[in-house]
Amino acid sequence: MSFGDPNPNPNNPYGQQPNQPPQGQPGYGYPQQAPQGVPPQQGQPGYGYPQQPGQAPQGQPGYGYPQQAPGTLQANNGYINVPVLGTVQVASMGRRLGARCIDAVVIGVLYGILSAIGLAGAMGVAESVDECGSSLDPGYQSCVNEASSGIIATMLGMILIFGLITLLYEWLMISLLGATVGKMALGLKVVKENTGLNPGLGGGFIRWIIPIVGVFLCYIGALLVYLSPFFDNSGKLQGWHDRAAGTLVIKK
């Protein structure tokens, strides 16, 4: 003899209706009811609550969600923070090489023009030797000596002018404008690392003179100076001349 309601389903020994969880123990797949007056906990939804599409749980980014990029860009990823200018991109070695090639063409054209002028002057001096007459004429030797001195003076003048062009072109343009013709053409600029301004006469001269000193070592020293940015492990691509002058080559 049984007391209470008989079990309507003899095959169900627990006497519970199918698809109904036990009271007080919500099963998986059933939404949990929060106690009255207590708000549900944020960020911890109960079993059975679907997540919003495209939304990761709060405080726990799930797989497949993009991570937040770091806020400060450093020099090792091609960018650097420079005073006044803010975050700027470091010039690549390819662009710097291209700018150097353009500058070589510009200086070569100037040298060619001046060489033509100097050659014309030397030829004029050489023709004056024919006017000195015969070697038996009095004063012939002094006339030849004067002509030879004129040729030597012309050659020395050309060397001096070539040196001045190289100095003024590289030194003054970098110092006052921060760029040569080649750098302007490729959108590059040389700035002081600690101020973001143009290098100035002092910084520009230091940056110019170091490769020139390397020229006296059969150009090997100058080549090493121009290749030295490859050896910079700080990500700034500073050559030895840049480090000495405290400068950076950036992309405008």
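Residues numbered from 1 in each chain as written. Predicted model: local features only at pLDDT ≥ 70, side-chain atom pairs only at ≥ 80, totals over all residues. Heavy atoms only, no water.

Asker: Explanation requested: the overall build of the protein in the structure shown.
Answerer: Counting its regular elements, the protein contains six helices and four strands. Ordered by position in the sequence, the α and β elements of the protein form the string β-β-α-α-α-β-α-α-α-β. When burial is assessed residue by residue, the protein has 24% of its 252 residues classed as buried. Excluding contacts between residues fewer than 6 apart, the proportion of contacts in the protein whose partners are at least 24 apart in sequence is 58%. Of the roughly 17,200 Å² of accessible surface on the protein, 62% is carried by carbon and sulfur atoms. (Helix = DSSP H or I, 4+ residues; strand = E, 2+ residues; numbered from the N terminus. Buried < 20%, exposed > 50% of the residue type's maximum accessible area, 1.4 Å probe, protein only. Contact = heavy atoms within 4.5 Å. Areas by Shrake-Rupley, 256 points an atom, 1.4 Å probe, with all protein chains shown as cover.)

Asker: So what exactly am I meant to see when it comes to the environment of I80 here?
Answerer: Within the secondary structure, I80 is located in strand β1 (residues 79-82). Measuring from C-alpha to C-alpha, the distance between I80 and K236 comes to 7.7 Å, with 156 residues separating the pair along the chain.

Asker: I'm lost on the packing of aromatic side chains in this one. Help?
Answerer: Two numbers describe a pair of aromatic rings. These are the distance of the centres and the angle of the planes. All told, the structure shown has four aromatic pairs when counted by the stated rule. Note on F205 and W208: the rings are 5.8 Å apart at their centroids and 45° apart in plane angle, and the pair reads as tilted. Of the two residues, F205 and W208 both sit in helix α4 (residues 200-215), three residues apart, roughly one turn of that helix. Look at F231 and W240: their rings are 6.3 Å apart centre to centre, the planes differ by 40°, and that puts the pair in the tilted class. A residue is classified by how much of its surface remains accessible, and F231, at 52% relative accessible area, is exposed. Taking relative accessible area as the criterion, W240 reaches 41% and is therefore assigned partly exposed. One aromatic cluster in this structure is built from W171, F205 and W208. (Phe/Tyr/Trp six-rings, centres within 6.5 Å; stacked < 30°, edge-to-face > 60°.)

Asker: Just to check I follow, could you spell out the environment of N81 for this structure?
Answerer: Looking at where N81 falls in the secondary structure, it is placed in strand β1. N81 sits in the partly exposed class, given a relative accessible area of 41%. It is 9.3 Å that separates the C-alpha atoms of N81 and E193, two residues lying 112 residues apart in sequence. Polar side-chain contacts of N81 include one of 2.5 Å to the side chain of T87. (Polar contact = N/O pair within 3.5 Å; in protein donor to acceptor, adjacent residues only side chain to side chain.)

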